[in-house]
Amino acid sequence: QVQVVESGGGLVQAGGSLRLSCAASGEISFNAMGWYRQAPGKQRELVASITRGGWTNYADSVKGRFTISRDNAKNTVYLQMDSLKPEDTAVYSCNVDYLVWKTATRQTSWGQGTQVTVSS
């Protein structure tokens, strides 16, 4: 069974930084990982994603402030968030698109989410 565990959320003042981590465990190789966020009363949105090969994609609202990176050997992705704004406040969740070694099938899983709160 695949487990997806996020860490690194918390409370920070505007202008500060946080680093989120997302680790997927199990006999898998990830194809892509993405960070999503959902603020109260709003729809979930893609923040950033990265493929195993390193191709990245960012929401316009975070370009130049957030950086996504990965460690393929550890099936882990990081989201470095700098120059945080109050509007970045949300629950951040990680989605993993992966290949299961045993069955050679492609699946996706979500983490439990981590709260990021940016105070003004």
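Heads up: the structure comes first, above all this text.
What comes next concerns the included structure. (Residues numbered from 1 in each chain as written. Predicted model: local features only at pLDDT ≥ 70, side-chain atom pairs only at ≥ 80, totals over all residues. Heavy atoms only, no water.)

Brief notes about the side chain of N95
How we decide: Numbering of helices and strands runs from the N terminus, with a helix taken as a DSSP run of H or I at least four residues long and a strand as a DSSP run of E at least two residues long. Classification of residues uses two cut-offs on accessible area relative to the type maximum, computed with a 1.4 Å probe and protein chains only: under 20% is buried, over 50% is exposed, and between them is partly exposed. Contacts are residue-level and defined by heavy atoms, with any inter-residue pair within 4.5 Å sufficient.
Topologically, N95 is positioned in strand β9 (residues 90-100). When its relative accessible area of 13% is taken as the criterion, N95 is described as buried. Sequence-distant contacts of N95, defined by excluding residues within four places in its chain, comprise A32, M33, G34, Y36, T108, S109 and W110.

Concerning the packing of aromatic side chains
Aromatic ring pairs: the centre-centre distance and the angle between the two ring planes describe each pair. Where we set the bar: Pairing of aromatic rings covers Phe, Tyr and Trp, the last counted by its six-membered ring, and requires centre-to-centre distances within 6.5 Å; plane angles under 30 degrees mean stacked, over 60 mean edge-to-face, and any other angle means tilted. The criterion is that NZ of a Lys, or CZ of an Arg, lies within 6 Å of the ring centre and within 35 degrees of the ring normal, and then a charge sits over that ring.
For the coordinates displayed, the defined rule picks out one aromatic pair. Its guanidinium or amino end placed over the ring of Y36, R44 lies 5.9 Å from that ring's centre, counting from NZ or CZ.

As for the state of the cysteines
Defined as follows: Criterion for a disulfide: a pair of cysteine sulfur atoms within 2.5 Å.
Under the criterion given, the structure shown has one disulfide. C22 shares a disulfide with C94; S-S distance 2.0 Å. Between C22 and C94 the sulfur-sulfur dihedral comes to about -80°; the bridge is accordingly left-handed. Here C22, found in strand β3 (residues 18-25), pairs with C94, found in strand β9; they are 72 residues apart in sequence, far enough to count as distant. With respect to burial, C22 and C94 carry one shared label: buried.

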